[in-house]
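Spelled out from the first residue to the last, the chains are:
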Amino acid sequence: MKNYFLVSFSFLCFLIQAQVIKTKPYWQQLKTDEYKGKQDDIYFLNDRVGWYCNGSGKIYRTVNGGTDWKLCFEQKGTFFRCIAFADSLVGFAGNIGTDYFPGVTDTVPLYKTTDGGNTWTAVSYKGPTVKGLCALDIYREPIINSGNLDKKIHVFAGGRVGSPAFIMTSHDNGNTFVSQDMNINCSYILDIKFFNLKEGIICAASNTELDKNHALIIMTNDGGKTWNKKYESKRPYEITWKCSFPSPKVGYVTVQSYDTVKTSSQRYVAKTTDGGNTWKEIPLVNDISVREFGIAFMDEKHGWVGAVPTGFETFDGGKTWGKSYMGPATNKIRIVTKPNGEKIAIAIGAIVSKNKDVISDGYDAIAAMRNAYAGGRWYKNFTFSQETRFFKNGKEEKMEVWHEASSSPGKLLIKFKTKDSKDGVLFANNMVYGFKENEKMVSKPKIHDLCLAAFDVYFLKPYETTHILDSLGYNLKLVREDIFEGRKVFVVGATKNDSTSNQVWIDAERFYMVRLVYKQGKGINDCIFTDYKSIENNWVATRVVFKQNGIVNMTEKYFDIKFPKELSKDLFDPEKFNEVKLE
């Protein structure tokens, strides 16, 4: 009986931790090495094993769906622009080549690995010299092998941006390659896609001079022997970039514009419904600051466009688009099918991110919070005054007016009573500083749980926030649904009826914090953010209730709320506390 109880209890704990909550789709930033600028390609063999590459000559591998990445190869002077794998061991990586990006000295266009990416060797090929590559595509031809269904690997590579235009092909599992000069057909090759051994398309550009360039799509029906123009934009400074075919008939291509004339601000996506034979331009957004990059569709209706300053998402085949925050300059979006048939999207650009629609733990919840206000949609700077009421044994003892300034992440200034008071508190540099007129400043290390979960979460990388929460004693493996003040919430860190463990309560629709419970010494602090209002399109909890060990000991009511674009650094300098005055 005792063993049975222990097993049952352990299983129950597992079920609690493994709870999966369905939510609206969000992009979860994956933990990867820092990289300045746009990274270009990512490839997943299945939902667990994948690789990505970048312009610093680095190739990374994951075996757990992107949770962790390991640098498996680095070669200075090489700009890895594209990557694809035939199986878990055999893969290919394309180099942009010399005379385009500074610091690139490698003239080898294509590399091959036979050990999963640990070592790479230059691919030899027959034909004209290829300057560089921008895209790789692998077509798996169904064949019968000794009475069993098998697949033969065909590799297609194309490049490059800035010209010249060449393709490389292999029809023997990547063992031998042949190159082909494509400059008679186009000037740039940005993407390549083969539907079978005969039919394929190339995303291209029409001219070597950018101001004369038109976006161009060419197609072959004879395995690449001949190519025909299927689409060409009428506007200068345009090229195509990446393509996505969610079905044999329906496909999408990003049309990239470099025109700086304000009257040329409309951005387009090209769409086909007949397998690439004809194309129609569909409007994406009228915004001259937008530049398109990658594109991918889950099905014929639901897909994304990567861009700067932010991406876009459609649920109706491109009729309407909304902003999507997979990260800036997303260059490639891969659709991966899990063993159960579920599809997931993984994107690479300035960051690497994965599209999700479930909250399965606290890490997911924090990622969803961050993504909900990505792209600068949460206020960085915040100033306000507040009526601060103190209670003892359920009765109000006194009321003071405090004046505060916050700058995320990690900075909060509090001036007691007057805006130029020499009494107050400052949180900065993971320290808390206490000030009282005519007395020496005191300080000690301190991370402000409330500031972290309510404000800093929108500015730190998700894994930075979760790392700090984990170090503060929040159990991020636990997440559950609940109702708080009539609204659905996610509770991270505690099971039902647990009122003492460290926990964060998050509004399930608006993704802001509504409650925070944390231990402080022998006491339990319970902070409730309530009376949320949209002020200048910013959500602000205008009233905060503080309880200690279940009894209200302080309330705050905010007024004179402002969102300055800039705040003086002096406000958060402990040495200048006595000098600064809040406006």
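Rules and cut-offs
Residues numbered from 1 in each chain as written. Predicted model: local features only at pLDDT ≥ 70, side-chain atom pairs only at ≥ 80, totals over all residues. Heavy atoms only, no water. Phe/Tyr/Trp six-rings, centres within 6.5 Å; stacked < 30°, edge-to-face > 60°. Buried < 20%, exposed > 50% of the residue type's maximum accessible area, 1.4 Å probe, protein only. Lys NZ or Arg CZ within 6 Å of the ring centre and 35° of its normal. Salt bridge = Lys/Arg side-chain N within 4 Å of Asp/Glu carboxyl O. Helix = DSSP H or I, 4+ residues; strand = E, 2+ residues; numbered from the N terminus. Polar contact = N/O pair within 3.5 Å; in protein donor to acceptor, adjacent residues only side chain to side chain. Contact = heavy atoms within 4.5 Å. Core = buried A, V, L, I, M, F, W, Y, C linked by side-chain atoms within 4.5 Å. pLDDT = per-residue confidence, 0-100. Pairing = 2+ DSSP bridges. 1 Å grid on protein atoms, 1.4 Å probe; cavity = no way out; pocket = protein on both sides within 12 Å on 5 of 7 lines; lining within 4 Å. Points joined across faces, edges and corners; volume = space filled by probe spheres on them. Nonpolar A, V, L, I, M, F, W, Y, C, P; charged D, E, K, R; others polar. Axes fitted to C-alpha atoms, helices over the stretch in contact; angles between N-to-C directions. Arc of directions from axis to C-beta.

Caption draft 1: Representation of the packing of aromatic side chains. Under the definition given, this model contains 38 aromatic pairs. On the basis of an interplanar angle of 75° and a centroid distance of 4.9 Å, the ring pair of Tyr373 and Trp378 is categorised as edge-to-face. Take Tyr373 and Trp378: they sit in the same class, and that class is buried. Over the ring of Phe459 we find Lys380; its NZ or CZ atom is 5.5 Å from the centre of that ring.

Caption draft 2: Fine view of the pattern of salt bridges. The full count for this structure, using the stated rule, is 26 salt bridges. Its salt-bridge partner being Glu509, residue Arg487 comes within 2.7 Å of it at the nearest N-O pair. With a gap of 22 residues between them, Arg487 in strand E37 (residues 487-492) and Glu509 in the loop between strand E38 (503-507) and strand E39 (513-520) connect regions that are remote in the sequence. For Arg487, a relative accessible area of 27% gives the class partly exposed. Via salt bridges that share partners, Lys38, Asp40 and Arg81 belong to a single interconnected network.

Caption draft 3: Region of the structure containing the side chain of Ser324. Considering the arrangement of structural elements, one finds Ser324 in strand E26 (residues 322-324). In terms of polar contacts, Ser324 uses its side chain to reach the side chain of Trp27, at 3.1 Å. The contacts of Ser324, once residues within four sequence positions are left out, are Trp27, Trp304, Thr310, Gly311, Phe312 and Glu313.

Caption draft 4: Here's a closer look at the nonpolar core. One finds Ile359, Phe382, Phe511, Leu516 and Phe529 to be the most contacted residues of the largest nonpolar core, which totals 62 residues. At 6 residues, helix H2 (residues 362-372) tops the list of elements feeding residues into this core. Contacts of Phe382, omitting those with residues within four sequence positions, involve Glu404, Ala405, Ser406, Phe455, Val540, Tyr558, Ile561, Lys562, Phe563, Pro564 and Leu567. With 30 residues, the next largest nonpolar core counts Phe80, Phe85, Ala86 and Phe92 among its residues.

Caption draft 5: View of the confidence of the model for the protein chain. Per-chain confidence: the protein chain averages 95 in pLDDT, with 97% of residues scoring 70 or above. Note that residues 1-18 has pLDDT below 50 and, in this model, 6 contacts with residues that lie over four places away or in other chains.

Caption draft 6: Layout of the pairing of strand E14 (residues 177-181). As defined by bridge partners, strand E10 (residues 125-126) adjoins E14 across 2 bridges and the pair is classed as parallel. Its bridge partner being in E14, Lys126 is matched across the sheet by Val178. Here strand E13 (residues 166-170) pairs with E14 via 4 bridges, running antiparallel. Residue Phe166 lies in a different strand from E14, and its bridge partner there is Asp181.

Caption draft 7: Quick peek at empty space enclosed by the protein. Taken as a whole and judged by the stated rule, the model has 2 cavities of 30 Å³ or more. Each pocket or cavity is described by its volume, and for the largest cavity that value is around 40 Å³. Lining the largest cavity, in full, are Asp40, Asp41, Arg81, Cys82, Cys134, Ala135, Leu136, Asp191, Lys242, Asn331, Lys332 and Arg334. Listing elements by their share of the lining of the largest cavity, those giving two or more residues are strand E6 (80-85), strand E11 (135-145) and strand E27 (332-337). Each residue belonging to the lining of the largest cavity can be placed in one class, and the counts come to 4 nonpolar, 1 polar and 7 charged. One number sums up the size of the second largest cavity: a volume of about 30 Å³.

Caption draft 8: Region of the structure containing the sheet that holds strand E22 (residues 280-286). The strand order across the open sheet formed by 4 strands is E19-E20-E21-E22, and the pairing between neighbours is antiparallel. Strands with a single pairing partner mark the edges of an open sheet, and in this sheet they are strand E19 (238-244) and E22. Direction aside, neighbouring strands of the sheet carry axes that sit 30° apart on average. Both strand E20 (residues 251-257) and strand E21 (residues 266-272) contribute to a ladder of 4 bridges, which runs antiparallel. Paired with Tyr252 across the bridge in E21 is Lys271.

Caption draft 9: Spatial organisation of the pairing of strand E42 (residues 551-562). As paired elements, strand E30 (residues 381-392) and E42 share 7 bridges and run antiparallel to each other. Bridging across to E42, Gln386 finds its partner in Tyr558. Strand direction decides the pairing type here: strand E41 (residues 538-548) and E42, joined by 6 bridges, are antiparallel. Across the sheet, residue Gln548 finds its bridge partner in E42, namely Ile551.

Caption draft 10: Spatial organisation of helix H4 (residues 462-471). Along H4, the residues that are buried comprise Pro462, Tyr463, Thr465, Thr466 and Leu469. For H4, the angular spread of buried residues about the axis comes to 155°, placing them on one side. Exposed residues lying more than 90 degrees from the buried face of H4 are His467 and Ser471. Among the structural elements, strand E1 (21-29), H2 and helix H3 (449-454) are those in contact with the buried residues of H4. Just past H4, the residue Gly473 takes up positive phi, approximately 95°.

Caption draft 11: Focus on unusual backbone geometry. Following Ser163, the chain continues to Pro164 via a peptide bond in cis, the omega torsion being 0°. For Pro164, the position within the fold is in the loop between strand E12 (148-159) and E13. With an omega of 5°, the peptide bond running from Val308 to Pro309 counts as cis. With respect to the secondary-structure elements, Pro309 resides in the loop between strand E24 (303-308) and strand E25 (311-314).

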